[in-house]
Amino acid sequence: MDSLSHNPSKNSASRPPPTVKFARRTSSGRIVSLSRDDDLDMSGEFTSNDYINYTVHMPPTPDNQPMTTDASAKPGEQQQYVSNSMYPVDPKRVMRKDRGEEEAYNNGGTGGTGNGINPKMDRRMSVMKSSKSMLLRSQTGDFDHNRWLFETKGTYGYGNAYWPQDDGYGDGDGVMGVSMADFMDKPWKPLTRKVQIPAAVLSPYRLLIFVRLVVLFFFLIWRVQNPNEDAMWLWGMSVVCELWFAFSWILDQLPKLNPINRATDLTALRDKFEQPSPSNPMGRSDLPGIDVFVSTADPEKEPPLVTANTILSILAVDFPVEKLSCYISDDGAALLTFEAMAEAAAFAEMWVPFCRKHGIEPRNPDSYFSVKGDPTKNKMKPDFVRDRRRVKREYDEFKVRINGLPDAIRRRSDAYNAREEVKAAREAREAGGEGGLEGVKVVKAMWMADGTHWPGTWAVPAPDHSRGDHAGILQVMLKVPRCDPVHGHPDENALDFTDVDVRLPMFAYVSREKRPGYDHNKKAGAMNALVRASAILSNGPFILNLDCDHYIYNCLALREGMCFMMDRGGDRICYIQFPQRFEGIDPSDRYANHNTVFFDGNMRALDGLQGPVYVGTGCLFRRYALYGFNPPRASDYMGLFGHHKEKGRSRALMTPAPEGESETQPLTAGSDDLVDPKKFGNSAMLSESIPVAEFQARPLADHPAVKNGRPPGALLVPREPLDAPTVAEAVTVISCWYEDKTEWGGRIGWIYGSVTEDVVTGYRMHNRGWRSVYCITKRDAFRGTAPINLTDRLHQVLRWATGSVEIFFSRNNALLATTRMKFLQRIAYMNVGIYPFTSIFLIVYCFLPALSLFSGHFIVQTLNITFLVYLLIITVTLSLLAILEVKWSGIGLEEWWRNEQFWLIGGTSAHLAAVIQGLLKVIAGIEISFTLTSKSTAEDEDDAFADLYVVKWTSLMIPPITIMMVNLVAVAVGFSRTLYSEIPQWSKLLGGVFFSFWVLAHMYPFAKGLMGRRGRTPTIVYVWSGLIAITISLLWISISPPKDAPGVSGGNVHLS
C-alpha cells in the first residue's frame, strides 16, 4: 500500500508547495526516479499507467513495522535502521491511536526501559503482534490489509491510505504528518497522449513501400530499355504515363510513413480547469473561450431548418456557457435566414436545458428525434418520457413555423407594400395629381415583423437591397450570459428545470456590408468579417468554424479539442482539425462521399508529421495564429531533405521581408504590428484585443515543463455585458471598406485568391512553423451532409481540383515553402497542388488499351516472363499495401475500392476540367465562378436516397462516356480481328482486353449513375453514346479498312 511522502515535522498547513516528481513503477515493483527533462514528451511516449507522479511511502501496518521490537537491540541500531530505511520516518516519533489513546516513542525519555523504549510503546508492540495472527487470512496465511483498514477506520485514496484524526491509526497531525488535504493534491497529468501504430502493422507497411519503390525503379528502367519496335508511339505514350504515375505515387505515399493516433483525458481537463483549488475557490471554469462560426449564403440551397438545427446543437454543447459564443454569417443577407435564427434562439430556451437535464445525444433536434432505437435507453429520471413528448411537440411546431416563414414573409411584405401604395396614392391626390393606384410606383420592399424595412436583400432587387449591394447587419439575439449558473424552477405549464442551468450562450447574427466595386472574396471574406466582429464582441481565444449543414454530434467535442490546446506544448498548435463525417449517404457509398481513405488515412498520417491540412469545416483555430503571427517556438529544417533540425530564429531577429514576399511572411508580436492600420485596420478595439486573446489561449503554467503558460485562475473574471459603442464598433469592422489597404486576406485571417481558401490558410500557418493536430473522437465530433448525386459530386470535386491548380501556379506552391516546414509535410502540400495534372496522363492511359486492340499491338513487344513478373510483383505489393493501410487506418476494403473507382472517374472528368480552367485563369486571366452545392433533399420524400438516381447532364460526363464507349468498341474489334485472322495473336488480345476491363471496372459506378432508376436515363446520354460509337467505328474503318475492300492495295488507302 502506497501513500504520499511528506515532511513529518510539518503539518499540512505549513508544508511547502508540492513539487512534481516523475517516477516509473517497474514490473518488479521497484520505483525508478526520472530526471525532469523539458523536452520529454510524457504525453507521447509513456502511458499514464507506467509513469506515476508521486513518491512512494509504506505506512507502518502491523505486518510492516519500520522498527524492530527486539529488546536486545540498541537504540543506536534502531535509529540507524530507521534512517537507512527505504521509507524514512521520524525516529523520534511513532504514531498510533488505539481506542482514543495517543502514545509516543521518545528515545531516551523518562520512564523508559533500559533499552530506551517507552513501556507503553512496548506494550503496544505486543498488542500488535498478538492481534496480527487474528488478521491473517485462513486460506493463504497472508496479512489481511482490508480487514485491518476496516478495524482501524482507514480509508483508501489515490495510491495511499489515510486514517482519520480521531479514533484512528495516527496522531493529531495525521499519519507521518500526512492529512487528507495532502491527498487532494493530485499529481500533474498530461491531457493528451500519442498512441503509436503497432509495429507489427507499421513495419511491414514501410518495408512494402520500400520494396515497391525498388521494383518500380527497375521496372521503369526495363521499360525504357525494351521499346516496342512495332508500335513506338504506343510504347512512348505508355512509358511517359507510367513515369508520371510512379512520381505521383511517391508523392502520395511518402507522407504516410508515420501515421499516429491520439487520445485525450477529459477527466484530467475537468480536474485541472473546473475543480475548486486555491486559485479557483469557487470551482468556476478556467477554460478559455471559444467563438463558433457558422457560414451560410443562400437559403434556397441551404435550407434555414438545417442551419437552425446546427445552431441549436452549438448552443447545447457541453462547454462552459459563459465561455461560448456563436455567430452565424449570412452572406446573402436574407430575411428568411434572419427570422429562422430568431425562431431557433427562442426554441433554444427549452431545447438546451432539456439536453442538459437528460444528457441528450446528439443535440441536433432533427437528428435526435430521427434516431432509430429506444429513446429511453440509459435514461433514469422519471419525467424523461413526459419531457421528451413535450419537447417533440414543440419541435414539430418549430419546424412548421420555419417552413411557413417564406409564405409569412411574403404575405407580410405584400400587406405593407399595399399600404404604402395606398398612402403614396393619397399623398399624390393631395398634391394635386390625378389618377389612382396605377400611376403610383412603390418599391416592392421586404418588411420585418416590427414594421420596418429589412436592410438586407429584397426579393425584388433594389438599390441598397440586392445580393451585392446592402448594408451591414449585426443583431445579438442572445445576450452575454451571467457568470454563475442560473437554475430553473418547476412550472406546471412547462418543463421542470429545477437544478438545471438554463443559461444560453451568446448568439449573434452577422451579415457583412456589400457594395458594388468591392471584391468581397466569397467565403474567405465572410469569415474574416466574423473574425473582426467576434474580436470586438467576445474575443474568444479559439475559433471553431462549421458549415451550416455540419452540426455538433458529440457534445464533448470542444473539450476534446481543448485538451490539445491546453496541454504542454499546446501553444505551438495553430488548429485542431476534426474528421468530416456524413449522413444521408447511400449504403454502398457509390461515389465515395464518405472519403474515408483521405480522412482516416492521409490525414492520420499527416498528423505524424507537422499536422493535417485544413479542410474547410470542423476546425478549431487559435485566433492568434489566424492573425498571422509566428508560433512562440519553431524549428528550421535545413538540408536537402530537411534532416538538420535547428532552433528557429526568434521574432525579434526576423528581418523585413522583400516587397514581393510580404504576403507570405509572418507578422511579429511587437507593438508596431498591432497599431499599424496597414495591417489590422484602424480599429483600436480590435488591436487591443489581440494581446488579450494571445494570453488567454496559453496553457496553464502548472508544471515547470510548460512553456509560455499563464497562471491558474487568470480567466475567472466575468465578461462584461455588451454596450452600444461596442456593438457599433463591431458593425464598423464588417463594413466593405475596412479591409482596404490592410493585410486582411494577405497575411491575416483566411487567405484570398483561391477557390480552396482553406488549404491555403492552413499552408500559411504551417509555413510559419505552427503545428496542427488531427483529433479523431470515439463518437463522431461533427456530422454533415454530402451530395450523393453524380453531377453535384463531380462539381464538388471540380471546385477542389481547381483550387489545387490555383495553388500550384501561385506563391503558395510548396516548392517555395520556408525551412520551417518539414520535408515530408512539404511533399504532402506538393501533392495537393500536383494531383489534378495526373488527369492528363490518366486519360491517355485509359485510351491505351483501346488503341492497343484497334492496332493489334501492345505496349510491350511480347508478353514475356520479365514483364509478367514485374506486373505481378507491383500488383501484389499494391494489394498488400492496401490491406495494411486498411489495418492501421481502420477503413474497410470496400471503402478503399470505392475510393479507387472514383479516383479514376474524377480524374478523367473533373480533374481535367480543373486543369483547363486553372490554365485559362493563369494565362488569360479568366476568373472561375462556382455555385453552392445544394444541401436540400430530393423531391421524393419517401426515398431518402432519391437524389442518387437523379441524372443531371453536365459536360463533365463527356470524357468518361467516351472512354467507356471506346473501350467497349475496341474489345469487340479486337475479338473480331483475332478470331478471323490467319495467325491469331492471343497474347496481345488478352493484354488489351485485361486493361480495358480494368478501366471499365473502375467506371462501373459512373455507368450505373447514368442509368438512373427504372430506366430513367436521359436521352442525351443515348445520343452521345451512339454518336461516339459511330464516330469511332467510321474512324477506324477509314484508318484500317478490311483487306478485301475496294480501293485498298498493300494496306494503303487509295482515294479516287
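Quick caveat: nothing in here was measured; it's all calculated off a predicted structure.

Chemist: So what's going on with the overall build of the protein chain? Which residues, and what values?
Modeler: Across its full length, the protein chain carries 32 helices and 26 strands. Across the 1056 residues in the protein chain, those meeting the buried criterion constitute 51%. Excluding contacts between residues fewer than 6 apart, the proportion of contacts in the protein chain whose partners are at least 24 apart in sequence is 77%. Working note: accessible area of the protein chain is about 49,600 Å², and carbon and sulfur atoms make up 57% of it.

Chemist: I'd like to hear about the sheet that holds strand S20 (residues 619-622), residue by residue, with values.
Modeler: With mixed pairing, eight strands are arranged side by side in an open sheet as S14-S15-S11-S10-S16-S20-S18-S23. Strands at the two margins of the open sheet, each flanked by one partner only, are strand S14 (473-478) and strand S23 (771-774). Neighbour-to-neighbour, the strand axes of the sheet open up by a mean angle of 20 degrees, direction not taken into account. Here strand S10 (residues 290-296) pairs with strand S16 (residues 542-547) via six bridges, running parallel. The partner of Val294 across the bridge, within S16, is Leu546. Each of strand S18 (573-577), S20 and S23 touches helix H22 (residues 757-767); the most contacted strand, S18, lies at about 140 degrees to it.

Chemist: How would you sum up the UniProt feature "binding site: Mn(2+)" (unreviewed entry) in the protein chain? Please name residues and give values.
Modeler: Using the residue numbers shown here, the UniProt feature "binding site: Mn(2+)" (unreviewed entry) corresponds to Lys523 and Asp547. For the annotated residues, spread through 25 residues, the largest C-alpha to C-alpha distance comes to 10.6 Å, consistent with a single compact locus. Within the element layout of this structure, Lys523 appears in helix H14 (residues 522-537). Accessibility expressed as a relative area gives 26% for Lys523, which makes it partly exposed.

Chemist: Please set out the UniProt feature "transmembrane region" (unreviewed entry) in the protein chain residue by residue, giving values where relevant.
Modeler: The sites that UniProt annotates as "transmembrane region" (unreviewed entry) are residues 207-225, 231-251, 828-851, 863-884, 961-980, 986-1007 and 1019-1039. Secondary structure over residues 231-251 splits into 95% helix and 0% strand, and the C-alpha atoms at its two ends are 31 Å apart. Between the C-alpha atoms that bound residues 828-851 there is a distance of 34 Å. The span itself is 88% helix and 0% strand.

Chemist: An account of the packing of aromatic side chains is needed here, citing residue identities and associated values.
Modeler: Counted according to the given criterion, the structure contains 45 aromatic pairs. When the centroid spacing of 6.4 Å and the interplanar angle of 15 degrees are considered together, the rings of Phe347 and Trp351 count as stacked. Pair noted here: Phe347 and Trp351 are both in helix H10 (residues 335-358), with a separation of four residues, about one helical turn. According to the relative accessible area criterion, Trp351 is buried, its value standing at 0%.

Chemist: Any chance you could break down the nonpolar core for me, citing the residues and the numbers?
Modeler: The tendency in soluble globular proteins is for nonpolar side chains to be buried as a group. Counting 127 residues, the largest nonpolar core has Phe621 and Tyr627 as the members making the most contacts within it. Tallying contributions element by element places helix H6 (residues 199-225) first for this core, with 10 residues. Counting 82 residues, the second largest nonpolar core, distinct from the first, contains Ala268, Phe347, Leu405 and Ile409.

Chemist: I'd like a description of the packing of helix H9 (residues 304-315) against helix H12 (residues 384-403), backed by residues and values.
Modeler: The N-to-C vectors of H9 and H12 enclose an angle of 135 degrees; their axes lie 10 Å apart at closest approach. With respect to H12, the axis of H9 lies oblique. Where H9 crosses over H12, the two elements pack in a sense that is right-handed. Taken together, the residues of H12 that come into contact with H9 (itself represented by Pro304, Leu305, Ala308, Asn309 and Leu312) are Tyr395, Phe398, Lys399, Ile402 and Asn403. The residue makeup of the contact of H9 with H12, split by class, is seven nonpolar, two polar and one charged.

Chemist: Quick one: what's the story with unusual backbone geometry, residue by residue and with numbers?
Modeler: The residue after Glu361, namely Pro362, is reached through a cis peptide bond having omega -10 degrees. Summarising the element assignment, Pro362 is placed in the loop between H10 and helix H11 (365-370). Phi is positive for Asn539, which is not a glycine, with a value near 55 degrees. Classification of Asn539 as buried rests on a relative accessible area of 9%.

About the thresholds
Residues numbered from 1 in each chain as written. Predicted model: local features only at pLDDT ≥ 70, side-chain atom pairs only at ≥ 80, totals over all residues. Heavy atoms only, no water. Helix = DSSP H or I, 4+ residues; strand = E, 2+ residues; numbered from the N terminus. Buried < 20%, exposed > 50% of the residue type's maximum accessible area, 1.4 Å probe, protein only. Contact = heavy atoms within 4.5 Å. Areas by Shrake-Rupley, 256 points an atom, 1.4 Å probe, with all protein chains shown as cover. Pairing = 2+ DSSP bridges. Axes fitted to C-alpha atoms, helices over the stretch in contact; angles between N-to-C directions. UniProt positions renumbered as here; feature names shortened; annotations may be inferred. Phe/Tyr/Trp six-rings, centres within 6.5 Å; stacked < 30°, edge-to-face > 60°. Core = buried A, V, L, I, M, F, W, Y, C linked by side-chain atoms within 4.5 Å. Parallel < 35°, antiparallel > 145°, perpendicular 65-115°, else oblique. Left-handed = near helix turned anticlockwise from the far one by under 90°. Nonpolar A, V, L, I, M, F, W, Y, C, P; charged D, E, K, R; others polar.

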